[in-house]
Amino acid sequence: MRKRIVLGVDPGIANTGLAVVRGKVNGFDLLGSELVRSDAKMPKAERLLRIHEAVCRLIDLYQVWAGCY
């Protein structure tokens, strides 16, 4: 069975936590993580764009599994 690589998101518009993990028999291995910060004075569209870009970057970098649980 192939081990899945999954992106977890701790939501928030000011601070959004992202973590990429790979499943294993007894848990997970952390492959990478990132905290996306934005200033409250920034336009919401720009703040959301930062989050979008970070998510896309991690998906590409770690070849995250695209599916739903």
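Being a predicted model, the structure only gives us computed values, none of them experimental.

Caption draft 1: A look at the nonpolar core. Residues Ile 5, Leu 7, Leu 18, Val 20, Val 36, Ile 51, Ala 54, Val 55, Leu 58 and Val 64 constitute the largest nonpolar core, which totals 10 residues. Among the secondary structure elements, those contributing two or more residues to this core are β1 (5-10), β2 (15-24) and α1 (44-62). Looking at this core element by element, the count peaks at four residues for α1. With residues near it in sequence (within four places) discarded, Ile 51 still touches Gly 12, Ile 13, Thr 16 and Val 36.

Caption draft 2: Up close: α1. For α1, which comprises 19 residues, the first-to-last C-alpha distance of 27 Å matches the rise-based estimate of 27 Å (1.5 Å per residue) to within 8%. Among all positions of α1, only Arg 47, Ile 51, Ala 54, Val 55 and Leu 58 are buried. Taken around the axis of α1, the buried residues stretch over an arc of 95°, which confines them to a single face. Facing away from the buried side of α1 by over 90 degrees, the exposed positions are Ala 45 and Asp 60. In this fold, the buried residues of α1 make contact with β1, β2 and β3 (27-37). Downstream of α1 by a residue or two, Gln 63 has a phi angle that is positive, lying close to 50°.

Each value, and the rule that gives it
- Residues numbered from 1 in each chain as written.
- Predicted model: local features only at pLDDT ≥ 70, side-chain atom pairs only at ≥ 80, totals over all residues.
- Heavy atoms only, no water.
- Core = buried A, V, L, I, M, F, W, Y, C linked by side-chain atoms within 4.5 Å.
- Buried < 20%, exposed > 50% of the residue type's maximum accessible area, 1.4 Å probe, protein only.
- Helix = DSSP H or I, 4+ residues; strand = E, 2+ residues; numbered from the N terminus.
- Contact = heavy atoms within 4.5 Å.
- Expected span 1.5 Å × (residues − 1).
- Arc of directions from axis to C-beta.

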